[in-house]
Amino acid sequence: MCEESVHFCNIIQAMAPHRRRDRPPAFAATFVEDPLTGKTSELQRVQPYQARKEYVCPGCNQEIRPGTGHVVIVPMGQPDLRRHWHTPCQLRAARHGLR
Ligand SMILES: [Zn+2]
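Here is a short report on the structure shown in this document.

Parameters and conventions
- Residues numbered from 1 in each chain as written.
- Predicted model: local features only at pLDDT ≥ 70, side-chain atom pairs only at ≥ 80, totals over all residues.
- Pairing = 2+ DSSP bridges.
- Helix = DSSP H or I, 4+ residues; strand = E, 2+ residues; numbered from the N terminus.
- Buried ≥ 20, exposed ≤ 12 C-beta atoms within 10 Å, placed from the backbone.
- Contact = placed C-beta atoms within 7 Å.
- Arc of directions from axis to C-beta.
- Core = buried A, V, L, I, M, F, W, Y, C linked by C-beta atoms within 7 Å.

Our focus in this paragraph is the pairing of strand β2 (residues 40-46). Judged from the four bridges that link them, strand β1 (residues 30-33) and β2 form a sheet pairing that is antiparallel. Paired with Thr-30 across the strands is Leu-43, a residue of β2. Here β2 runs beside strand β5 (residues 70-75); their pairing, made up of six bridges, is antiparallel. Residue pairing across strands places Val-46 opposite His-70, the latter belonging to β5.

Here it is in structure tokens:
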């Protein structure tokens, strides 16, 4: 519950209209295949200042510490299956699959 609302707030802040219009949108959607489910998923980048909680990366089973920039993989239509990944772990899994 709490995590969801914090995440939502971060997105709203990032999309705030005070940004210059000639900049690309901060949250332009990038779609990738989720290595865990095989589903088309939205890749969201989490900036270090947005990372306020600890997560366990499914790529390496190590913690993602607060303040670490990382990515979130959100399967289309199943946002409750989203997982936080270290950026390099997600890239490796996208290229080579999980081992
Ligand atoms: Zn990792």
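Next comes the rest of the description.
Here we come to the environment of Thr-68. Positionally, Thr-68 belongs in the loop between β4 (63-64) and β5. Residue class for Thr-68 comes out partly exposed when judged on the 17 C-beta atoms lying within 10 Å of it. When the C-alpha positions of Thr-68 and Val-46 are compared, they lie 8.3 Å apart, and in sequence the two are 22 residues distant. Excluding residues within four positions of it along the chain, Thr-68 makes contact with Pro-48 and Ala-51.

So, on to helix α2 (residues 87-96). Along α2, the positions that sit buried rather than exposed are Cys-89, Gln-90 and Ala-93. In an axial view of α2, the angular spread of the buried residues amounts to 100°, which keeps them on one side of the axis. In α2, those exposed residues whose orientation departs by more than 90 degrees from the buried face are Arg-95 and His-96. Of the residues one or two after α2, Gly-97 is the one with positive phi, at around 80°.

Turning our eyes to something else, we now look at the pairing of β5. Remark: a regular strand shows side chains that alternate across the two faces of the sheet. Where β5 lies against strand β6 (residues 83-85), three bridges are found, and the strand directions are antiparallel. Paired with Ile-73 across the strands is Arg-83, a residue of β6.

With that settled, the discussion passes to the nonpolar core. If you look at the biggest cluster of nonpolar residues, it comprises nine residues: Val-46, Cys-57, Ile-64, Val-71, Ile-73, Val-74, Trp-85, Cys-89 and Ala-93. Top contributing element to this core by residue count: β5, with three residues. Setting aside residues no more than four positions away along its own chain, Val-74 makes contact with Ser-41, Glu-42, Gln-44, Pro-79 and Arg-82.

Shape descriptors only; they carry no functional weight alone.
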